[in-house]
Amino acid sequence: DAGITQSPRHKVTETGTPVTLRCHQTENHRYMYWYRQDPGHGLRLIHYSYGVKDTDKGEVSDGYSVSRSKTEDFLLTLESATSSQTSVYFCAISESIGQGALGEQYFGPGTRLTVT
Amino acid sequence: AQTVTQSQPEMSVQEAETVTLSCTYDTSESDYYLFWYKQPPSRQMILVIRQEAYKQQNATENRFSVNFQKAAKSFSLKISDSQLGDAAMYFCAYRRRWGNEKLTFGTGTRLTIIP
(Lines give C-alpha, C1' and ligand atoms only; values in the text may rest on other atoms or scores of the structure.)
Protein backbone atom coordinates (compact mmCIF):
# COMPACT_ATOMS: atom_id res chain seq x y z
CA ASP A 1 0.00 0.00 0.00
CA ALA A 2 1.15 3.53 -0.79
CA GLY A 3 2.27 5.43 2.32
CA ILE A 4 -0.45 8.03 2.62
CA THR A 5 -1.96 9.18 5.89
CA GLN A 6 -4.64 11.72 6.59
CA SER A 7 -5.37 13.53 9.82
CA PRO A 8 -7.72 13.81 11.49
CA ARG A 9 -9.77 10.80 10.38
CA HIS A 10 -12.97 12.22 11.80
CA LYS A 11 -13.90 15.74 12.76
CA VAL A 12 -17.05 17.53 13.86
CA THR A 13 -16.97 21.30 13.78
CA GLU A 14 -19.34 24.23 13.90
CA THR A 15 -20.36 26.50 11.06
CA GLY A 16 -17.98 29.43 10.68
CA THR A 17 -14.93 27.81 12.25
CA PRO A 18 -11.69 27.22 10.33
CA VAL A 19 -10.64 23.64 9.67
CA THR A 20 -7.37 22.22 8.34
CA LEU A 21 -6.97 18.69 7.04
CA ARG A 22 -3.54 17.21 6.57
CA CYS A 23 -2.26 14.72 4.04
CA HIS A 24 1.16 13.16 4.50
CA GLN A 25 2.96 10.87 2.05
CA THR A 26 6.14 8.85 2.33
CA GLU A 27 6.37 7.97 -1.39
CA ASN A 28 8.06 11.16 -2.58
CA HIS A 29 5.45 11.49 -5.36
CA ARG A 30 5.29 14.81 -7.14
CA TYR A 31 1.54 15.21 -7.46
CA MET A 32 -0.96 15.46 -4.64
CA TYR A 33 -4.72 15.94 -4.81
CA TRP A 34 -7.68 16.69 -2.57
CA TYR A 35 -11.08 15.22 -3.50
CA ARG A 36 -14.41 15.27 -1.77
CA GLN A 37 -16.89 12.40 -1.95
CA ASP A 38 -20.63 13.00 -1.72
CA PRO A 39 -23.51 10.62 -2.43
CA GLY A 40 -24.55 10.76 -6.07
CA HIS A 41 -21.41 12.61 -7.15
CA GLY A 42 -18.55 10.16 -6.93
CA LEU A 43 -15.28 11.95 -6.12
CA ARG A 44 -14.71 15.52 -7.23
CA LEU A 45 -11.39 17.37 -7.32
CA ILE A 46 -10.99 20.34 -4.98
CA HIS A 47 -7.34 21.35 -5.48
CA TYR A 48 -4.15 19.70 -6.57
CA SER A 49 -0.41 20.30 -6.32
CA TYR A 50 2.28 19.58 -8.89
CA GLY A 51 5.21 20.47 -6.66
CA VAL A 52 6.25 22.37 -3.56
CA LYS A 53 4.40 25.69 -3.51
CA ASP A 54 2.75 24.84 -6.87
CA THR A 55 -1.00 24.37 -6.61
CA ASP A 56 -4.06 24.80 -8.78
CA LYS A 57 -7.84 24.70 -8.49
CA GLY A 58 -10.10 21.79 -9.27
CA GLU A 59 -13.78 21.77 -10.13
CA VAL A 60 -15.14 22.46 -6.60
CA SER A 61 -12.54 24.81 -5.12
CA ASP A 62 -14.79 27.57 -3.74
CA GLY A 63 -14.42 27.87 0.04
CA TYR A 64 -11.17 25.86 0.12
CA SER A 65 -7.50 26.74 0.08
CA VAL A 66 -4.40 24.56 0.04
CA SER A 67 -0.73 24.77 0.81
CA ARG A 68 2.28 22.58 0.14
CA SER A 69 5.49 23.69 1.82
CA LYS A 70 7.13 20.25 1.69
CA THR A 71 6.95 17.41 -0.81
CA GLU A 72 5.38 15.12 1.75
CA ASP A 73 2.62 17.37 3.13
CA PHE A 74 -0.47 18.84 1.49
CA LEU A 75 -2.87 20.83 3.64
CA LEU A 76 -6.52 21.59 2.88
CA THR A 77 -8.09 24.52 4.72
CA LEU A 78 -11.71 25.48 5.06
CA GLU A 79 -11.45 29.12 6.09
CA SER A 80 -15.01 29.29 7.43
CA ALA A 81 -16.73 25.91 7.38
CA THR A 82 -20.30 25.62 6.09
CA SER A 83 -22.79 22.76 6.28
CA SER A 84 -22.39 22.19 2.53
CA GLN A 85 -18.79 21.20 3.22
CA THR A 86 -19.89 18.19 5.25
CA SER A 87 -18.31 15.38 3.26
CA VAL A 88 -15.64 12.72 3.14
CA TYR A 89 -12.30 14.14 2.00
CA PHE A 90 -9.68 12.05 0.24
CA CYS A 91 -6.09 12.85 -0.45
CA ALA A 92 -4.40 11.15 -3.40
CA ILE A 93 -0.90 11.04 -4.84
CA SER A 94 0.59 10.15 -8.19
CA GLU A 95 3.95 9.98 -9.88
CA SER A 96 4.83 11.72 -13.11
CA ILE A 97 3.97 9.94 -16.32
CA GLY A 98 7.19 8.45 -17.62
CA GLN A 99 8.50 7.65 -14.14
CA GLY A 100 7.09 4.19 -14.46
CA ALA A 101 3.62 5.38 -13.58
CA LEU A 102 0.63 4.93 -15.85
CA GLY A 103 -1.65 7.63 -14.58
CA GLU A 104 -2.91 5.88 -11.49
CA GLN A 105 -3.57 7.74 -8.27
CA TYR A 106 -3.27 6.23 -4.81
CA PHE A 107 -5.62 7.33 -2.10
CA GLY A 108 -5.39 7.98 1.61
CA PRO A 109 -7.93 6.54 4.06
CA GLY A 110 -10.21 9.58 3.99
CA THR A 111 -11.41 12.12 6.56
CA ARG A 112 -15.08 12.37 7.50
CA LEU A 113 -15.90 16.00 8.24
CA THR A 114 -19.22 17.06 9.72
CA VAL A 115 -20.12 20.74 9.93
CA THR A 116 -23.02 21.43 12.31
CA ALA B 1 -15.26 18.43 -20.54
CA GLN B 2 -14.91 14.77 -19.90
CA THR B 3 -17.76 12.91 -18.27
CA VAL B 4 -18.04 9.40 -16.91
CA THR B 5 -21.39 7.65 -16.56
CA GLN B 6 -22.22 4.58 -14.51
CA SER B 7 -25.86 3.81 -15.20
CA GLN B 8 -26.25 1.01 -12.65
CA PRO B 9 -26.48 2.45 -9.13
CA GLU B 10 -26.78 -1.04 -7.66
CA MET B 11 -26.02 -4.57 -8.79
CA SER B 12 -26.15 -7.92 -7.08
CA VAL B 13 -24.66 -11.30 -7.94
CA GLN B 14 -24.68 -14.77 -6.47
CA GLU B 15 -21.43 -15.87 -4.93
CA ALA B 16 -19.17 -17.68 -7.46
CA GLU B 17 -21.10 -16.20 -10.40
CA THR B 18 -19.94 -13.57 -12.89
CA VAL B 19 -21.09 -9.96 -12.95
CA THR B 20 -20.42 -7.08 -15.33
CA LEU B 21 -20.46 -3.43 -14.30
CA SER B 22 -20.99 -0.84 -17.01
CA CYS B 23 -19.21 2.45 -17.63
CA THR B 24 -19.35 4.89 -20.51
CA TYR B 25 -17.38 8.07 -20.95
CA ASP B 26 -17.27 11.06 -23.18
CA THR B 27 -14.05 12.65 -24.39
CA SER B 28 -12.58 14.26 -27.47
CA GLU B 29 -9.12 12.97 -26.57
CA SER B 30 -7.57 9.95 -28.27
CA ASP B 31 -4.96 9.14 -25.63
CA TYR B 32 -6.10 8.50 -22.09
CA TYR B 33 -6.32 6.05 -19.22
CA LEU B 34 -9.33 4.36 -17.69
CA PHE B 35 -9.53 2.86 -14.23
CA TRP B 36 -11.79 0.89 -11.97
CA TYR B 37 -11.53 1.60 -8.25
CA LYS B 38 -13.15 -0.40 -5.48
CA GLN B 39 -14.36 1.17 -2.24
CA PRO B 40 -15.28 -1.41 0.43
CA PRO B 41 -17.07 -0.41 3.65
CA SER B 42 -13.69 0.56 5.10
CA ARG B 43 -13.89 3.56 2.73
CA GLN B 44 -10.40 2.94 1.32
CA MET B 45 -10.15 3.54 -2.45
CA ILE B 46 -8.38 0.57 -4.04
CA LEU B 47 -7.20 0.45 -7.63
CA VAL B 48 -8.62 -2.66 -9.28
CA ILE B 49 -7.54 -2.42 -12.89
CA ARG B 50 -6.17 0.04 -15.45
CA GLN B 51 -6.55 0.31 -19.21
CA GLU B 52 -4.44 2.39 -21.54
CA ALA B 53 -6.47 3.67 -24.47
CA TYR B 54 -3.64 3.14 -26.95
CA LYS B 55 -3.64 -0.57 -26.17
CA GLN B 56 -6.28 -2.64 -27.92
CA GLN B 57 -5.84 -5.62 -25.65
CA ASN B 58 -8.24 -5.69 -22.73
CA ALA B 59 -6.61 -5.54 -19.30
CA THR B 60 -6.95 -8.43 -16.85
CA GLU B 61 -6.04 -8.81 -13.19
CA ASN B 62 -6.80 -12.25 -11.82
CA ARG B 63 -10.62 -12.48 -11.59
CA PHE B 64 -11.09 -8.94 -12.89
CA SER B 65 -11.13 -8.08 -16.58
CA VAL B 66 -12.39 -5.24 -18.71
CA ASN B 67 -14.16 -4.95 -22.03
CA PHE B 68 -12.76 -1.77 -23.57
CA GLN B 69 -14.60 -0.55 -26.64
CA LYS B 70 -12.85 2.66 -27.68
CA ALA B 71 -15.14 3.58 -30.56
CA ALA B 72 -18.21 3.13 -28.38
CA LYS B 73 -16.47 4.83 -25.41
CA SER B 74 -17.41 1.93 -23.20
CA PHE B 75 -15.35 0.38 -20.40
CA SER B 76 -17.07 -2.41 -18.49
CA LEU B 77 -15.66 -4.43 -15.60
CA LYS B 78 -16.23 -8.17 -15.38
CA ILE B 79 -15.78 -9.94 -12.07
CA SER B 80 -15.55 -13.71 -12.35
CA ASP B 81 -16.10 -16.19 -9.52
CA SER B 82 -17.53 -13.45 -7.30
CA GLN B 83 -16.49 -13.59 -3.66
CA LEU B 84 -17.98 -12.04 -0.54
CA GLY B 85 -14.97 -9.73 -0.32
CA ASP B 86 -15.92 -8.21 -3.68
CA ALA B 87 -18.88 -6.44 -2.08
CA ALA B 88 -18.15 -2.71 -2.44
CA MET B 89 -18.79 0.46 -4.37
CA TYR B 90 -17.06 0.39 -7.73
CA PHE B 91 -16.03 3.61 -9.44
CA CYS B 92 -15.02 4.03 -13.04
CA ALA B 93 -12.52 6.85 -13.66
CA TYR B 94 -10.92 8.60 -16.62
CA ARG B 95 -7.87 10.79 -17.10
CA ARG B 96 -6.05 12.20 -20.06
CA ARG B 97 -2.71 10.55 -20.62
CA TRP B 98 -0.50 13.60 -20.60
CA GLY B 99 -0.31 16.53 -18.24
CA ASN B 100 -1.25 16.71 -14.62
CA GLU B 101 -4.78 15.69 -15.13
CA LYS B 102 -7.32 14.92 -12.48
CA LEU B 103 -9.31 11.75 -12.39
CA THR B 104 -12.92 12.18 -13.47
CA PHE B 105 -15.11 9.71 -11.64
CA GLY B 106 -18.48 8.16 -12.31
CA THR B 107 -21.09 8.11 -9.56
CA GLY B 108 -20.40 4.50 -8.65
CA THR B 109 -22.13 1.12 -8.62
CA ARG B 110 -22.83 -0.63 -5.34
CA LEU B 111 -22.19 -4.36 -5.73
CA THR B 112 -23.81 -6.82 -3.35
CA ILE B 113 -22.70 -10.45 -3.18
CA ILE B 114 -25.44 -12.94 -2.29
CA PRO B 115 -24.12 -15.95 -0.36
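An account of the accompanying structure is given in this report. Note that the structure is predicted; figures quoted are calculated from it, not measured.

1. What about the environment of glutamine 69 of chain B?
Residues and elements named next belong to chain B. Within the fold, glutamine 69 resides in strand S8 (residues 64-69). Along the primary structure glutamine 69 and glutamine 56 are separated by 13 residues, whereas in three dimensions their C-alpha atoms are 8.7 Å apart. With sequence-adjacent residues up to four places away left out, glutamine 69 is seen in contact with Tyr25 and Ser74.

2. Details of the sheet that holds strand S7 (residues 64-70) of chain A
Residues and elements named next belong to chain A. Strand order in the open sheet formed by four strands is S1-S3-S8-S7, and the pairing between neighbours is antiparallel. Two strands close off the open sheet at either side, each with one partner strand: strand S1 (4-7) and S7. Taken pair by pair, the neighbouring strands of this sheet meet at an average axis angle of 20°, ignoring direction.

3. Overview of the state of the cysteines
Residue and element names in this part refer to chain B. All told, the structure shown has two disulfides over all chains when counted by the stated rule. Two residues share a disulfide in this structure: cysteine 23 and cysteine 92, whose sulfurs sit 2.0 Å from each other. Residues cysteine 23 and cysteine 92 are joined by a disulfide whose S-S torsion is about -70°; by sign, that bridge is left-handed. Here the residue cysteine 23 occupies a position in the loop between strand S3 (19-21) and strand S4 (24-26), and cysteine 92 occupies one in strand S10 (residues 88-96), the gap between them amounting to 69 residues. The class of cysteine 23 is buried, set by a relative accessible area of 2%.

4. A few points about the side chain of threonine 111 of chain A
Mapping threonine 111 of chain A onto the fold places it in strand S11 (residues 111-115). According to the relative accessible area criterion, threonine 111 of chain A is buried, its value standing at 0%. A polar contact of 3.4 Å, which involves the side chain of threonine 111 of chain A, links it to the side chain of glutamine 6 of chain A. Within the local environment of threonine 111 of chain A, its side chain forms a polar contact with the backbone oxygen of proline 8 of chain A, the two atoms lying 2.6 Å apart. Not counting residues up to four positions away in its chain, the partners in contact with threonine 111 of chain A are Gln6, Pro8, Arg9, His10, Leu21, Ser87, Val88 and Tyr89 of chain A together with Arg43 of chain B.

5. Considerations on the interface of chain A and chain B
Across the contact, 27 residues belong to chain A and 22 residues belong to chain B. Of the roughly 2000 Å² buried between chain A and chain B on both sides combined, carbon and sulfur atoms contribute 53%. Applying the counting criterion to the chain A and chain B interface returns two salt bridges. Where glutamate 59 of chain A meets lysine 102 of chain B, a salt bridge forms, and the shortest distance between an N and an O atom there is 3.3 Å.

6. Digging into the layout of surface pockets
Estimates place the volume of the largest pocket at around 440 Å³. If you go around the largest pocket, you meet 22 residues; those closest to its centre are Gln37 and Arg112 of chain A together with Gln39, Met89 and Arg110 of chain B. Secondary structure elements with two or more residues in the lining of the largest pocket: strand S4 (31-38), strand S9 (87-94) and S11 of chain A together with S10 and strand S12 (109-114) of chain B. Within the lining of the largest pocket, the residues separate by chemical class into 10 nonpolar, eight polar and four charged.

Conventions adopted
- Residues numbered from 1 in each chain as written.
- Chains lettered and ligands numbered in written order.
- Predicted model: local features only at pLDDT ≥ 70, side-chain atom pairs only at ≥ 80, totals over all residues.
- Heavy atoms only, no water.
- Helix = DSSP H or I, 4+ residues; strand = E, 2+ residues; numbered from the N terminus.
- Contact = heavy atoms within 4.5 Å.
- Pairing = 2+ DSSP bridges.
- Axes fitted to C-alpha atoms, helices over the stretch in contact; angles between N-to-C directions.
- Disulfide = S-S within 2.5 Å.
- Buried < 20%, exposed > 50% of the residue type's maximum accessible area, 1.4 Å probe, protein only.
- Polar contact = N/O pair within 3.5 Å; in protein donor to acceptor, adjacent residues only side chain to side chain.
- Buried area = accessible area lost by both parts, 1.4 Å probe.
- Salt bridge = Lys/Arg side-chain N within 4 Å of Asp/Glu carboxyl O.
- 1 Å grid on protein atoms, 1.4 Å probe; cavity = no way out; pocket = protein on both sides within 12 Å on 5 of 7 lines; lining within 4 Å.
- Points joined across faces, edges and corners; volume = space filled by probe spheres on them.
- Nonpolar A, V, L, I, M, F, W, Y, C, P; charged D, E, K, R; others polar.

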